[in-house]
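# Secondary and tertiary structure notes
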Amino acid sequence: MPTTTQKQDISTAYSHGEWETRVNLAALYRIVAKYGMSDLANGAIGARVAGEPNCYLTHPYGLFWDEIKATDLVKIDRNGQPVAPDAPWLNDGAVNLCKWIFGHRQDLNYFVHGHDEEVMAVGSIEDGLLPLNQPAVYLGHILDYIEYTFEEDDEYAAHFVEKLADKQILITRNHGYYVMGDTPAAAFFCAYFLRQTCSAQIKTMSMGRDLHMIDPQRVARYQDEMAVSPDYNYNGQTEWPALLRMLERTQPEYRT
């Protein structure tokens, strides 16, 4: 494991903003994996480089998310081209998401694309996510749905950007999800509670009893109240410091 001096030497190879982004993104990868939300080498996570709005970071294809370190991440430009000439193999899907999301939403700096089974299941029924529990109330008005396709051509890129609009979550029918945030904490919060609400919905529906859904007027009121509540920070800022402390105790190499 590198010494403190070696870590300092590593970080000086990057601007302050880039190194900070690298550490935050590596932490996001590790935390998503810690909670069982990775999918072998598939899926994608990305970040906009702080101070360089037209440059992004993502992972080399083939690395598992629980082994990613800050220095592993690959920097690409707004066209998806690696900045370093000797960059490793990148997943086209990850590169495309960086271009589509960061290229069209300046308010977003991080995203997670996952294939959690619970979200795939809920996204595969016509009703989609139902107002059956608290996380569904919060997430319901910041998400939309997009049809699954394997061809990521220019037509699909335009459709993706159009569907993204001002949302933070896109559920891909029959496939998975995309969650976005201005911070790594916000992106993780959305991903974690999206899986939780989908899991709760599946368990509720599996009982075969009549569903007791939250009244739409109450849903709308609660969404407004949650947005300004001093006790419920639905951007992950309450949990993120503790998640980083967990990494420092168990996987401190993420920031090397």
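Just above, that's the structure.
Just so you know, the residues in each chain are numbered from 1, in the order the chain's sequence is written. The predicted origin of the model limits local features to residues at a pLDDT of at least 70 and limits the giving and counting of side-chain atom pairs to 80 or more, whereas totals for whole chains, interfaces and linings rest on all residues. Water and hydrogen atoms were dropped before computing side-chain values, which therefore reflect all heavy atoms in the structure.

### Concerning the packing of helix α2 (residues 16–34) against helix α9 (residues 240–250)
For the pair α2 and α9, interaxial distance at closest approach is 10 Å and the crossing angle is 85 degrees. The orientation of α2 with respect to α9, classified from their angle, is roughly perpendicular. Residues N24, A27, L28, R30, I31 and K34 of α2 form the contact with α9, whose own contacting residues are W240, L243, L244, M246 and L247. Residues were grouped as follows: Ala, Val, Leu, Ile, Met, Phe, Trp, Tyr, Cys and Pro as nonpolar; Asp, Glu, Lys and Arg as charged; and all remaining residues, including Gly, as polar. Looking at the contact of α2 with α9 residue by residue, the class counts come to eight nonpolar, one polar and two charged. Convention adopted: a line fitted to C-alpha atoms gives each axis, helices being fitted over their contacting stretch, and angles between N-to-C directions are expressed from 0 to 180 degrees. Counting from the N terminus, the helices are the DSSP runs of H or I reaching at least four residues and the strands are the DSSP runs of E reaching at least two. Note that the term roughly parallel is reserved for angles under 35 degrees, roughly antiparallel for angles over 145, roughly perpendicular for angles of 65 to 115, and oblique for everything else. What makes two residues a contact is simply this: any of their non-hydrogen atoms within 4.5 Å.

### Focus on a negative patch on the surface
A cluster of acidic side chains, namely D92, E151, E152, D153, D154 and E155, defines a negative patch on the protein surface. Positionally, E151 belongs in the loop between β5 (143–146) and α6 (154–164). Only residues whose relative accessible area exceeds 30% and that form no salt bridge are eligible for patches; like-charged ones are grouped when within 9 Å, while nonpolar side chains (Val, Leu, Ile, Met, Phe, Trp, Tyr) are grouped when within 5 Å. Methods summary: accessible areas were calculated by the Shrake-Rupley approach with a probe of 1.4 Å, and residue burial reflects only the protein chains presented. In the sections that follow, a salt bridge refers to a side-chain nitrogen of Lys or Arg positioned within 4 Å of a carboxyl oxygen of Asp or Glu. Neither His nor the chain ends contribute to the count of charged residues, in which Lys and Arg are positive and Asp and Glu negative. Note on charges: their place is set at NZ of Lys, CZ of Arg, CG of Asp or CD of Glu.

### Details of α9
Between buried and exposed lies partly exposed: a residue is buried under 20% and exposed over 50% of the maximum accessible area for its type, with that area taken using a 1.4 Å probe on protein chains only. Buried residues of α9: W240, L243, M246 and L247, and no others. Buried residues of α9 fall within an arc of 115 degrees about the axis and therefore sit on the same side. In this structure, the buried side of α9 is in contact with α2 and α7 (184–206). Starting at the helix axis, one direction is taken to each C-beta atom, and the arc is that of these directions.

### Some remarks on the pattern of salt bridges
For the structure shown, the criterion picks out nine salt bridges. Taking the shortest distance from any N to any O, the salt bridge between E253 and R30 comes out at 3.0 Å. Of this pair, E253 sits in the segment after α9 while R30 sits in helix α2, and the two are 223 residues apart along the sequence. By relative accessible area, E253 is classed as partly exposed at 26%. In this structure R30 comes out as buried when scored by relative accessible area, which is 2%. Here E225 and R221 are joined by a salt bridge, their closest N and O atoms 3.6 Å apart. Pair noted here: E225 and R221 are both in helix α8 (residues 216–228), with a separation of four residues, about one helical turn. The class of E225 is partly exposed, set by a relative accessible area of 42%. Here the salt bridges do not stand alone but share partners, grouping E18, R22, E52 and K75 into one network.

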